[in-house]
Amino acid sequence: MTIRLLLVDDDPLVRAGLTLMLGGDPAVEIVGEGSDGSEVPDLVARLAPDVVLMDIRMPHVDGLTATEQLRARPGGPEVIVLTTFHADEQVLRALRAGAAGFVLKDTPPAEIVAAVRRVAAGDPVLSPAVTRQLMSHVAGLSEPRPRRDTAAGRLAGLAGREREVAVAVGRGASNAEIAEQLFMSVPTVKTYVSRLLAKLNLNNRVQIALLVHDAGLLDEGPHAPTGE
């Protein structure tokens, strides 16, 4: 299957470099380019991309706002945000909005291609190590009480095992690590993660991790199985 990719960046040199990098992959078809977030809704409507590779910082409508608008629509394309920062507030906002991950602008070409392929296949482009880095970053930020209360309310309906899996995801554990910690099989862990995404109306496991952080569950003690 050919992956239809839309590039959005206000720097024409960056777009040219990305086109050169990604255009050589037979699985990727660059269907269009944009220079500002304000162009994204029309481009997506006309070109029907599978993935949008989107710069965060643009002069009129930034990539964060454009991402929030896209992910609020049913059936919208997946979004990978481009950034020069590993874990700043803007990256976190993009992930909260439903971006499937982020890549740094100095990422090697092969890794950017791999990221596009993974997102098109439905996998987020944040490894457990990067998730841990994000959690470490946000751990130093005090969450406003309304956000914490809202997050805790959303997680209150989880069964015991679901809650354990959610907290493990929040700590950046991989499926294999969660399986070992909670004495499950990897397919069972995947089933729980899928159930959490559906139950919480989230797009990917990074959003589970952020919601768990917001609710203050990362302060809980280690994962002793509680059963259902």
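Residues numbered from 1 in each chain as written. Predicted model: local features only at pLDDT ≥ 70, side-chain atom pairs only at ≥ 80, totals over all residues. Heavy atoms only, no water.

### Quick notes on the overall build of the protein
Now for step 1: If you tally the helices and strands in the protein, you get eleven helices and five strands.
Now for step 2: Evaluated residue by residue, the protein yields a buried proportion of 48% over its 228 residues.
Now for step 3: At a minimum sequence separation of 6, the contacts of the protein that also span at least 24 residues come to 69%.
Now for step 4: Total accessible area on the protein is roughly 10,500 Å²; 55% of this is exposed by carbon and sulfur atoms. (Helix = DSSP H or I, 4+ residues; strand = E, 2+ residues; numbered from the N terminus. Buried < 20%, exposed > 50% of the residue type's maximum accessible area, 1.4 Å probe, protein only. Contact = heavy atoms within 4.5 Å. Areas by Shrake-Rupley, 256 points an atom, 1.4 Å probe, with all protein chains shown as cover.)

### Focus: helix 2 (residues 40-47)
Now for step 1: Within helix 2, burial applies to V40, L43, V44 and L47. Down the axis of helix 2, the smallest arc covering the buried residues is 95°, so these residues share one side. Exposed residues lying more than 90 degrees from the buried face of helix 2 are A45 and R46.
Now for step 2: Looking at the buried positions of helix 2, the neighbouring elements they touch are strand 1 (3-8), strand 2 (28-34), strand 3 (51-55) and helix 3 (63-71). (Arc of directions from axis to C-beta.)

### Structural notes on the nonpolar core
Now for step 1: L155, V165, I178 and I208 are the most contacted members of the largest nonpolar core, which has 26 residues in total.
Now for step 2: Of all the secondary-structure elements, those providing two or more residues to this core are helix 7 (145-155), helix 8 (160-170), helix 9 (175-182), helix 10 (186-200) and helix 11 (205-214).
Now for step 3: In terms of residue count, helix 10 provides more of this core than any other element does, six residues in total.
Now for step 4: Apart from the residues within four sequence positions on either side, V165 is in contact with I178, L182, M184, Y192, V193 and L196.
Now for step 5: Counting 25 residues, the second-largest nonpolar core is a separate cluster that includes A66, A94, V206 and L210. (Core = buried A, V, L, I, M, F, W, Y, C linked by side-chain atoms within 4.5 Å.)

### A closer look at the packing of helix 9 against helix 10
Now for step 1: For the pair helix 9 and helix 10, interaxial distance at closest approach is 8 Å and the crossing angle is 105°. Between helix 9 and helix 10, the angle is such that the two are roughly perpendicular. For the pair helix 9 and helix 10, the contacting residues are N175, A176, I178 and A179 in the first and V186, V189, K190 and V193 in the second.
Now for step 2: The residue inventory of the contact of helix 9 with helix 10, partitioned by class, reads six nonpolar, one polar and one charged. (Axes fitted to C-alpha atoms, helices over the stretch in contact; angles between N-to-C directions. Parallel < 35°, antiparallel > 145°, perpendicular 65-115°, else oblique. Nonpolar A, V, L, I, M, F, W, Y, C, P; charged D, E, K, R; others polar.)

### Comments concerning the sheet that holds strand 2
Now for step 1: The parallel open sheet is built from five strands, whose spatial order is 2-1-3-4-5. The two strands at the open ends of the sheet, each matched to only one other strand, are strand 2 and strand 5 (101-104). In this sheet, adjacent strand axes meet at a mean angle of 25° when their direction is disregarded.
Now for step 2: Bridge analysis of strand 4 (residues 78-83) against strand 5 gives four bridges, and the strand direction is parallel. Its bridge partner being in strand 5, I80 is matched across the sheet by G101. (Pairing = 2+ DSSP bridges.)

### Looking at the packing of aromatic side chains
Now for step 1: The full count for this structure, using the stated rule, is zero aromatic pairs.
Now for step 2: Its end group placed over the ring of Y192, R195 keeps NZ or CZ at 4.7 Å from the ring centre. (Phe/Tyr/Trp six-rings, centres within 6.5 Å; stacked < 30°, edge-to-face > 60°. Lys NZ or Arg CZ within 6 Å of the ring centre and 35° of its normal.)

### Structural notes on the pattern of salt bridges
Now for step 1: Throughout the structure, instances matching the rule amount to nine salt bridges.
Now for step 2: The shortest N-O distance in the salt bridge between K199 and E162 comes to 2.9 Å. On the criterion of sequence distance, the pair formed by K199 in helix 10 and E162 in helix 8 is long-range, its members being 37 residues apart.
Now for step 3: On the basis of relative accessibility, which here comes to 4%, the residue E162 falls in the buried class.
Now for step 4: Through salt bridges with shared partners, a single ionic network connects D9, D55 and K105. (Salt bridge = Lys/Arg side-chain N within 4 Å of Asp/Glu carboxyl O.)

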